[in-house]
Amino acid sequence: MRFTLPRLAIAMSGVLLLACAPFTTLVQTASASEPSALSAVTGSPITEVSLEPYFPGEASWPSTAYPTWALRVELTEPAPVPGGTVHLDLSPNLTAAAAAGALHDDDGVELATYAVSPDGHGITITYSTAAASFVDLRATLGVFVSADSVGPGKTLVDAEATSSGVSFPLSASYSAIPWNSSGTVGTWSPSPSGSLRFLARSVVPAVPDFHADGGQWIGVGGVDTWNGTLEPVTGATRIFGVEELPSSLAGFTDQSAAWRPGVEYTLDEQESHDGGRVFGITVPDPPDGYIVVEQAYDLVSTGAAFFEASSPALPTPAREVFGAGTRIVTGPLSGHENGGDGVGGPSTLAFFASSGGAVSATRLIPALSASRTITPDLATDGEASGLVTVTVTNTGNAVLDVRAADVLSTSHADVELSHAAADAGSATTIPSGVEWKGAVLPGATVTFTYVYGATSTGPHRGSITWHGTVLGTVPRNAEITVEAEIADAEIAIAPRPMTTVTATPPGTVVRGALATTGADVPTAAIGTAGVLLFVGVGAVLLGARMRSKR
């Protein structure tokens with residue numbers, strides 16, 4: 001069944017008859033003015049940790065007649081990495097109790113999981129696979145905790161949480177808790193099965209007169225009259241004898257007061273009382289003072305929640321209040337053996353609360369823009385040079401590993417690149433251009449520059465053409481990439497000037513002139529050949545005439 005808040009007082013008044021049998025009513029508070037939280041400055045994504053009451057200003061709920069709280073954890077992670085973990089360690093007097101769980105956003109996407117260490121003194125938050133597609137993750141986690149340092153005459157519980165070297169002092173106030181002479185107190189912790197375990201300290205007055213009846217018999221076990229069910233754990237029973245009730249919960253199990261099995265007491269885990277299974281303890285010679293039975297119980301069934309806590313500081317999944325019962329009965333051994341005559345005792349409702357949280361994040365949107373500026377500083381016939389500036393801007397919301405390549409191609413020209421430099425990352429020359437690599441934060445701009453020098457290779461007009469590409473990859477999720485292009489650009493290079501040479505007549509000597517070029521050779525050769533041909537023809541005609549006169 002579930003109660004609404006207007007009916008809470010009625011419900012609580014009925015429960016108190018069982019829950020507070022050994023103790024008086026108490027009130028706990030944790031106001032904003034108390035030093036219950038500290039914002040982290042560096043070292044951890046956890047920004048705040050505090051102890052929060054479930055019902056501010058009300059009687060201590062949920063509890064087994066001692067204060068319990070929710071440990072509220074605030075976390076902010078700009079770029080969650082799947083598998084990345086955040087650890088929160090608790091001081092020894094503070095014990096967290098929660099089954100492992102997950103944090104989902106409003107769309108049902110699991111972004112993180114949480115788990116409590118086996119001893120209850122640590123909490124680990126792990127980012128899920130889907131978190132790689134999100135940025136600016138913000139989570140609030142509420143975990144059920146109890147403190148064994150509370151006790152009579154005290155009004156403040158002090159504890160501490162630490163994460164990556166950052167300390168969070170914790171404190172909460174409560175009213176004094178005078179112990180009564182019988183009943184059960186205890187703390188919650190994780191169980192090996194992944195559920196919860198209740199470590200009960202059941203107290204009964206020792207009765208030395210029962211020695212004459214064979215000793216004092218004590219039975220402890222769970223009850224099935226409440227929504228949840230607790231079962232005693234085999235091999236998890238310890239007995240202590242104290243002359244006075246201690247000043248804190250931890251004092252109930254002072255090791256110096258521990259009894260030895262088979263000496264001061266015997267244990268039978270297969271006994272029963274009123275038809276229910278109990279662990280039976282027999283004390284042959286009860287001393288003066290009190291007998292404390294420490295017994296671990298596993299929560300085998302949670303059952304339905306009783307009601308929802310009213311604290312607005314807690315996320316909704318951490319507000320449900322549950323309960324399961326334990327009992328302790330005692331009397332003379334002879335009475336137990338004769339059907340339970342003279343044996344009895346109270347049952348106690350052990351309250352516990354749910355744990356859970358809320359998470360939100362922004363979907364990752366990678367984006368890039370890039371541009372190029374060419375500033376010529378020399379442009380003459382056959383030559384050109386200048387400075388190239390490339391600018392890359394991360395216009396998305398995620399850190400990107402960026403590779404930019406500015407590639408050059410030429411026509412009728414040779415080009416050399418030099419002086420590659422950048423204001424961040426690294427710029428290097430490659431065979432066909434300049435490459436830049438580096439990480440770029442969201443909203444950040446990086447610039448790299450280099451110098452080009454080009455020379456025309458012939459009598460034709462030359463040119464240089466630029467083509468640039470940019471690729472960004474999300475470091476924590478290599479499957480998410482984004483590309484951008486740098487607009488193509490081209491510059492022209494005028495042809496290299498050609499040298500013109502004028503031919504001179506044969507035999508002409510020009511002082512200081514260059515040697516005769518190949519263009520002069522054909523003219524001289526033709527002139528020489530003509531003279532020789534004329535002489536030859538004359539000789540032939542003369543010889544023919546002289547023969548005819550004979």
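Just above sits the structure.
Residues numbered from 1 in each chain as written. Predicted model: local features only at pLDDT ≥ 70, side-chain atom pairs only at ≥ 80, totals over all residues. Heavy atoms only, no water.

K.L.:
Explain the overall build of the protein here, please?
P.N.:
Along the backbone of the protein there are 3 helices and 31 strands. For the protein, the proportion of contacts with a sequence separation of at least 24, taken over those separated by at least 6, is 74%. Accessible area for the protein stands at about 25,700 Å²; split by element, carbon and sulfur atoms hold 55% of it. (Helix = DSSP H or I, 4+ residues; strand = E, 2+ residues; numbered from the N terminus. Contact = heavy atoms within 4.5 Å. Areas by Shrake-Rupley, 256 points an atom, 1.4 Å probe, with all protein chains shown as cover.)

K.L.:
What should I look at first to understand the environment of Val81 in this one?
P.N.:
Along the chain, Val81 falls in the loop between strand 3 (68-77) and strand 4 (85-90). Distance from Val81 to Asn477, taken between C-alpha atoms, is 8.2 Å for residues 396 residues apart in sequence. Those residues in contact with Val81, other than ones at most four positions away along the chain, are Tyr127 and Arg476.

K.L.:
What's the story with the sheet that holds strand 24 (residues 383-394) in this structure? I'm lost.
P.N.:
Adjacent strands of a sheet pair through backbone hydrogen bonds, lying either parallel or antiparallel. If you walk across this open sheet you meet the 4 strands as 23-24-29-26, and the pairing is antiparallel. For this open sheet the edge positions go to strand 23 (368-380) and strand 26 (413-422), each flanked by a neighbour on one side alone. For this sheet the average axis-to-axis angle between neighbouring strands, irrespective of direction, equals 20 degrees. Pairing analysis gives 12 bridges linking strand 23 to strand 24, with the strands arranged antiparallel. When the bridges of strand 24 are listed, Ile374 appears paired with Val388. (Pairing = 2+ DSSP bridges. Axes fitted to C-alpha atoms, helices over the stretch in contact; angles between N-to-C directions.)

K.L.:
What exactly am I supposed to notice about the packing of aromatic side chains here?
P.N.:
Ring pairs (aromatic) are described by centroid distance and by the angle formed between their planes. Here the structure, examined in full by the defined rule, presents 8 aromatic pairs. Ring centres 6.3 Å apart and planes at 50 degrees place the aromatic pair Tyr54 and Phe144 in the tilted group. Taken together, the residues span a long stretch of sequence, with Tyr54 in the loop between strand 2 (46-52) and strand 3 and Phe144 in strand 9 (residues 134-147) at a distance of 90 residues. (Phe/Tyr/Trp six-rings, centres within 6.5 Å; stacked < 30°, edge-to-face > 60°.)

K.L.:
Would you mind going over the environment of Glu244 with me for this structure?
P.N.:
With respect to the helices, strands and loops of the structure, Glu244 is situated in the loop between strand 15 (229-242) and strand 16 (266-273). Separated by 46 residues in sequence, Glu244 and Tyr290 place their C-alpha atoms 7.0 Å apart.

K.L.:
Help me out: how do you make sense of the nonpolar core in this one?
P.N.:
Counting residues in hydrophobic clusters, the biggest one holds 48 residues, and the most contacted among them are Val49, Leu51, Trp69, Leu71, Leu88 and Leu94. A total of 7 residues in this core trace back to one element, the largest contributor, which is strand 9. (Core = buried A, V, L, I, M, F, W, Y, C linked by side-chain atoms within 4.5 Å. Buried < 20%, exposed > 50% of the residue type's maximum accessible area, 1.4 Å probe, protein only.)

K.L.:
What is the right way to read the pairing of strand 25 (residues 400-411) from this model?
P.N.:
Successive residues of a regular strand alternate their side chains across the two faces of the sheet. Alignment of strand 25 against strand 28 (residues 433-440), held across 8 bridges, turns out to be antiparallel. Paired with Ala405 across the bridge in strand 28 is Glu435. For strand 25 and strand 30 (residues 462-474), the ladder comprises 11 bridges, and the chain directions are antiparallel. Looking across to strand 30, one finds that Val407 is bridged to His467.

K.L.:
Where do I start with the sheet that holds strand 18 (residues 290-301) in this structure?
P.N.:
Spatially, 12-13-18-15 is the arrangement adopted by the 4 strands of the open sheet, whose pairing is antiparallel. Either end of the sheet is taken by a strand with one partner, and the two such strands are strand 12 (183-190) and strand 15. Shown here is a sheet whose adjacent strand axes are inclined to one another by a mean of 20 degrees, direction ignored. Where strand 13 (residues 196-205) meets strand 18, 9 bridges bridge the pair, whose relative direction is antiparallel.

K.L.:
Explain the pattern of salt bridges here, please?
P.N.:
Side chains carrying opposite charge are able to pair once their charged atoms draw close together. Counted by the stated rule, this structure contains 8 salt bridges. Between Glu264 and Arg260 there is a salt bridge, and its shortest N-O distance comes to 2.9 Å. Taking the relative accessible area as the measure of exposure, Glu264 reaches 25% and is therefore partly exposed. One network of salt bridges, in which partners are shared, links Glu48, Arg72 and Glu74. (Salt bridge = Lys/Arg side-chain N within 4 Å of Asp/Glu carboxyl O.)

K.L.:
What should I look at first to understand the pairing of strand 17 (residues 276-283) in this one?
P.N.:
Of all 8 residues making up strand 17, 7 are buried, and the element is well covered by its neighbours. Where strand 14 (residues 216-223) lies against strand 17, 5 bridges are found, and the strand directions are antiparallel. Within strand 17, the residue paired with Ile218 across the bridge is Ile281. Across 6 bridges, the pairing between strand 16 and strand 17 is antiparallel. Along strand 17, the bridge assignment pairs Leu267 with Ile281. Connecting strand 16 to the antiparallel partner strand 17 that follows it, the hairpin turn spans 2 residues, and Asp274 within it adopts a positive phi of roughly 55 degrees.

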